[in-house]
Amino acid sequence: MNKQKIYLSPPHLSGSELKYIKDAFASGWVAPVGQQIDFFEAELEKVLNHNLKVVALNSGTAAIHLALVMLGVKNGDSVIIQSNTHIASANPILYLGAKPIFVDSEKNTWNIDPELLETAIVTETKKGKKPKAIVVVHLYGMPAKMDEINAIAQKYNIPVVEDAAEALGSVYHEQMCGTLGDYGILSFNGNKIITTSGGGALVTKTKENKERAIFLATQARDDAPHYQHSQIGYNYRMSNIVAGIGRGQMEVLNDRVKARRANFDFYNKQLAGLDFTFLQEPENVFSNRWLTTILTDSFEIREKIRLTLDKENIESRPLWKPMHLQPVFEDEVVYTNGVSEDLFNRGLCLPSGSNLSQLDLNRIVKAIKQSLN
Ligand SMILES: *Cc1c(COP(=O)(O)O)cnc(C)c1O
């Protein structure tokens, strides 16, 4: 195979990352402490909502774990979570010895179904255990139905953790994704819309919460001249070097969203009339289009497209396999309606990098059209 590989969602640097890394070196703070972290957090607060507080961490998974710790989730508790997601949303529930209660999706956004969410809360509470938290995900950058979800969460007085790992730059009813729950989380993994090589952030409402999150993320050290600890902490803080990369990436966040949305528009236009559909934005919702996804008519058609792309050295991936179908979670409780399972069978993620060239895009579209002939 001599054609250059096209990846699903590769890193895309701005060029100014090295400048900030050099600043970090010049300051001597090659450590999980330093000015680059403060600047990066300030940039994120400016973009998200200047009334909120951001804590830079070393992964999105760590951010979810800390959010659940901050909410007091403990061994034996249960936590409701969208089944249609990446496993990183679910694993921290298990780290805490809590039980995940998986809830299926609705068809408009592919995210947690508010009606089924309420059923799950009522049923689980009747069984004797009221869920401690709800983890909602904006999968592929498409915002979940947050008004409905937050209304139900308030009705039953259960806090919401908003997994916006894939949705930095997405907007729901004039508010940035990541700012809509009691806690929000972001990821800057290599495949996300901006990257720090690996990293994440927790979004919280108060200065006190931010201070507590930093305390927990730096081994929960008490105020004493020696090392003293009265509770369990974690080593989850972001490095100053990594934060420098984040600053360079924040300069181009808007461009990255524009480029991803342009990919979606191109695919939508070029592939119109073929045997599949694209996920559309509901009213007053703006998706960063982190990944462009298609929903084909059948598993067979999806596989035909996927295998043709693979032969052309073009990476694509079936939509995420729902958590309730994962072998590791086979004994867990699930409220299903068949939606996420159907999406998994018929859906495909197309290459969506912000650095795809026009030639790349043409090559992908040509291969898809070929596969259907
Ligand atoms: C990437 C991702 C995460 C985890 O982020 P990491 O930084 O990789 O730990 C969590 N949830 C979703 C939906 C993700 O896509």
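Up top is the structure these notes are about.
Just so it is clear, the model here is predicted, and its values are computed rather than measured.

Student: Honestly, unusual backbone geometry in this entry has me stumped. Any pointers?
Tutor: In most cases, non-glycine residues show a negative phi, while peptide bonds are predominantly trans. Of note, the phi angle at Trp110 is positive, near 70 degrees, even though the residue is not glycine. Within the chain, Tyr140 stands out as a residue other than glycine whose phi angle is a positive 60 degrees. Following the sequence through the fold, Tyr140 ends up in the loop between strand E4 (133-137) and helix H6 (146-155).

Student: I'm lost on the packing of aromatic side chains in this one. Help?
Tutor: Ring pairs (aromatic) are described by centroid distance and by the angle formed between their planes. Using the criterion set out here, one finds eight aromatic pairs in the structure. Pairing Phe276 with Phe278 gives two aromatic rings, centres 6.0 Å apart and planes at 75 degrees, and the pair type is edge-to-face. In this pair, the class of Phe276 matches that of Phe278, namely buried. Members of the aromatic cluster, each reached through a chain of ring pairs, are Trp110, Tyr140, Trp290 and Trp320. In this structure, Arg289 packs its charged tip against the face of Phe264, placed 3.5 Å from the ring centre.

Student: Before we go on, may I ask you to explain the sheet that holds strand E12 (residues 292-296) in this structure?
Tutor: Where strands meet in a sheet, backbone hydrogen bonds hold them as pairs that are either parallel or antiparallel. The strand order across the open sheet formed by four strands is E10-E12-E15-E13, and the pairing between neighbours is antiparallel. Of all strands in the sheet, those with a lone pairing partner are strand E10 (276-278) and strand E13 (317-318), marking the two edges. Of the pairings in the sheet, the one linking E13 to strand E15 (residues 347-350) comprises two bridges and is antiparallel in character. Across the sheet, Pro318 pairs through a bridge with Leu348, a residue of E15. Where helix H11 (residues 339-346) meets the sheet, its contacts fall on E12, E13 and E15, and the angle it forms with E15 comes to roughly 60 degrees.

Student: I'm lost on the site of the ligand in this one. Help?
Tutor: The immediate surroundings of the ligand are formed by 14 residues, with Thr61, Asp163, Glu166, Ser187 and Lys192 found nearest. Ser89 places a side-chain nitrogen or oxygen 3.5 Å from a nitrogen atom of the ligand. In this structure, Gly199 approaches the ligand through a main-chain N or O atom, which is 3.5 Å from an oxygen atom. Contact with the protein chains removes 93% of the 380 Å² of surface that the ligand exposes when unbound.

Student: Honestly, the pattern of salt bridges in this entry has me stumped. Any pointers?
Tutor: One side chain can pair with another of opposite charge once the charged atoms of both are near each other. This model, assessed by the stated rule, comprises 16 salt bridges. Residue Glu41 pairs with Arg237 through a salt bridge whose shortest N-O separation is 2.7 Å. Pair noted here: Glu41 is in helix H2 (residues 35-48) and Arg237 is in the loop between helix H7 (207-217) and helix H8 (240-250), with a separation of 196 residues, a long-range link. Each member of the pair, Glu41 together with Arg237, is buried. Put simply, Glu332 and Lys99 hold a salt bridge, and the shortest N to O gap is 2.9 Å. In this pair, Glu332 sits in the loop between E13 and strand E14 (333-335) while Lys99 sits in strand E3 (residues 99-103), placing the two residues 233 residues apart along the sequence. You can call Lys99 partly exposed: its relative accessible area is 40%.

Student: Looking at this model, I keep getting lost on the pairing of E12. Mind explaining?
Tutor: Regular strands have side chains that alternate between both faces of the sheet. In terms of burial, E12 is a largely internal element, five of the five residues being buried. Neither face of E12 is left uncovered, since the one carrying Thr292, Ile294 and Thr296 and the one carrying Thr293 and Leu295 both have all their residues buried. Pairing of E10 with E12 involves three bridges; the strand directions are antiparallel. The residue bridging Phe276 from the neighbouring strand is Thr296, located in E12.

Student: For this particular structure, what's the right way to read the environment of Arg237?
Tutor: You can call Arg237 buried: its relative accessible area is 11%. Those residues within four positions of Arg237 in sequence are excluded, and the remaining contacts are Pro32, Ile37, Glu41, Val55, Ala56, Leu57, Asn58, Ile214, Ala217 and Thr218. Among the polar contacts listed, one links the side chain of Arg237 to the backbone oxygen of Ala56, at a separation of 2.9 Å.

Each value, and the rule that gives it
Residues numbered from 1 in each chain as written. Predicted model: local features only at pLDDT ≥ 70, side-chain atom pairs only at ≥ 80, totals over all residues. Heavy atoms only, no water. Helix = DSSP H or I, 4+ residues; strand = E, 2+ residues; numbered from the N terminus. Phe/Tyr/Trp six-rings, centres within 6.5 Å; stacked < 30°, edge-to-face > 60°. Buried < 20%, exposed > 50% of the residue type's maximum accessible area, 1.4 Å probe, protein only. Lys NZ or Arg CZ within 6 Å of the ring centre and 35° of its normal. Pairing = 2+ DSSP bridges. Contact = heavy atoms within 4.5 Å. Axes fitted to C-alpha atoms, helices over the stretch in contact; angles between N-to-C directions. Near = heavy atom within 4 Å. Polar contact = N/O pair within 3.5 Å; in protein donor to acceptor, adjacent residues only side chain to side chain. Areas by Shrake-Rupley, 256 points an atom, 1.4 Å probe, with all protein chains shown as cover. Salt bridge = Lys/Arg side-chain N within 4 Å of Asp/Glu carboxyl O.

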